[in-house]
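Observations on the three-dimensional arrangement
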Amino acid sequence: MNVATPGVRAISQGIIADGAFGKPAIHRMLRGTWAFTTSVAPCIVAKLVLDIIRHITRTLRLEKDRLDMELNFLKSQLNPHFLFNTLNNIYMLSLKGAEQASDLILHLSEMMRYTLYDSDTPMVELQDDVAFLKNYTELERVRYGAKAIIIFEYNEEEVGEQLISPLLMFPFVENAFKYSHVGNDGKCHVAIRISASGSFLTMSVRNSKNSVNNVPKEVGGIGQANSRKRLELLYPGKHQLDIQDEEDTYSVTLSLNLN
């Protein structure tokens, strides 16, 4: 079977007809080489480009799968110490016959429902994610009691049906409560503010700390490093994360374009 390409046949025929080093043979060799290159090179380049695209796509898919696994772990473990403390508070309030116990049960049940069912999708409504943060904050407010000054502010008219990746803001809020320390007035301070203008979201979290308290990198099973990766993967070029670690305060500001 003759498998030679037209360019190769032209070269071989020219060499036979004019000699190996004659000008006509060289011209034919160059023309044949050019024809061979222009016919084969685009295929090689296209294959290389496709291989690169496949490699990048596979890498991104693996990274997303890994982050999804860590997100599922976060949803499944919700800080056992927090849950135990909350249940203990509910129990103590119930012994006193306090009406507040029923409110705590409602907050906790709403949180569990959200983590088990509502957030089991790639995107959730912003109002639902903020409601989860509010329930978490209310439970922490009871746990801290008079020892803390806790602020949670957002405008219900601004926060609506915009879509966001579930529990994206939660590690920063959990971090604030977990590592908040007594300030100069003898109280812990945690301030959470969420605002939205259309698809643009801003969340700021600020907590008190002492000069010797270092905030660990890994928080709540997912950590700030993982949160950065989720932001880079899910919102590339659409977010800004500013973290300020000062002597007596620790603050996080997240700006996000949800579109």
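Preceding block: the structure.
Predicted model only: the values in this text are computed from it and were never measured.

Time to look at the sheet that holds strand E6 (residues 239–245). The five strands lie next to each other as E2-E4-E5-E7-E6, forming an open sheet whose pairing is mixed. Of all the strands in the sheet, just strand E2 (148–154) and E6 have a single pairing partner and so form its edges. Sheet twist, expressed as the average angle between the axes of neighbouring strands with direction ignored, equals 5 degrees. Summarising the sheet, strand E4 (residues 188–197) and strand E5 (residues 200–208) pair through eight bridges and their orientation is antiparallel. Of the residues in E5, the one forming a bridge with Ile192 is Val205. Taken strand by strand, helix H6 (residues 170–178) contacts E2, E4, E5, E6 and strand E7 (249–257), and its axis lies near 15 degrees from that of E5.

Along the polypeptide, Ser109 turns up in helix H4 (residues 100–118). Residues Ser109 and Asn135, spaced 26 residues apart in sequence, show a C-alpha to C-alpha distance of 9.4 Å.

Time to look at the packing of aromatic side chains. The description of two aromatic rings rests on the distance between their centres and on the angle between their planes. In the structure shown here, the tally under the stated rule is six aromatic pairs. Relative to Phe170, the ring of Phe132 has its centre 5.3 Å away and its plane inclined at 70 degrees; by these criteria the two rings are edge-to-face. Pair noted here: Phe132 is in helix H5 (residues 126–144) and Phe170 is in helix H6, with a separation of 38 residues, a long-range link. With respect to burial, Phe132 and Phe170 carry one shared label: buried. Ring pairing ties together the aromatic residues Tyr114, Phe132, Tyr136, Tyr144, Phe170 and Phe177, which thus form one cluster.

All right, on to unusual backbone geometry then. A negative phi holds for most residues other than glycine; trans holds for most peptide bonds. With a phi close to 60 degrees, Leu167 is a non-glycine residue in the positive phi region. Look at Leu167 and you get buried, because its relative accessible area is 2%.

Next up on the list: the environment of Val142. Positionally, Val142 belongs in helix H5. Considered as a pair, Val142 and Gln100 are 42 residues apart in the sequence and their alpha carbons are 9.2 Å apart. Beyond its immediate sequence surroundings of up to four residues, Val142 is in contact with Asn89, Leu93, Gln100 and Leu104.

Criteria and thresholds
Residues numbered from 1 in each chain as written. Predicted model: local features only at pLDDT ≥ 70, side-chain atom pairs only at ≥ 80, totals over all residues. Heavy atoms only, no water. Pairing = 2+ DSSP bridges. Helix = DSSP H or I, 4+ residues; strand = E, 2+ residues; numbered from the N terminus. Axes fitted to C-alpha atoms, helices over the stretch in contact; angles between N-to-C directions. Contact = heavy atoms within 4.5 Å. Phe/Tyr/Trp six-rings, centres within 6.5 Å; stacked < 30°, edge-to-face > 60°. Buried < 20%, exposed > 50% of the residue type's maximum accessible area, 1.4 Å probe, protein only.

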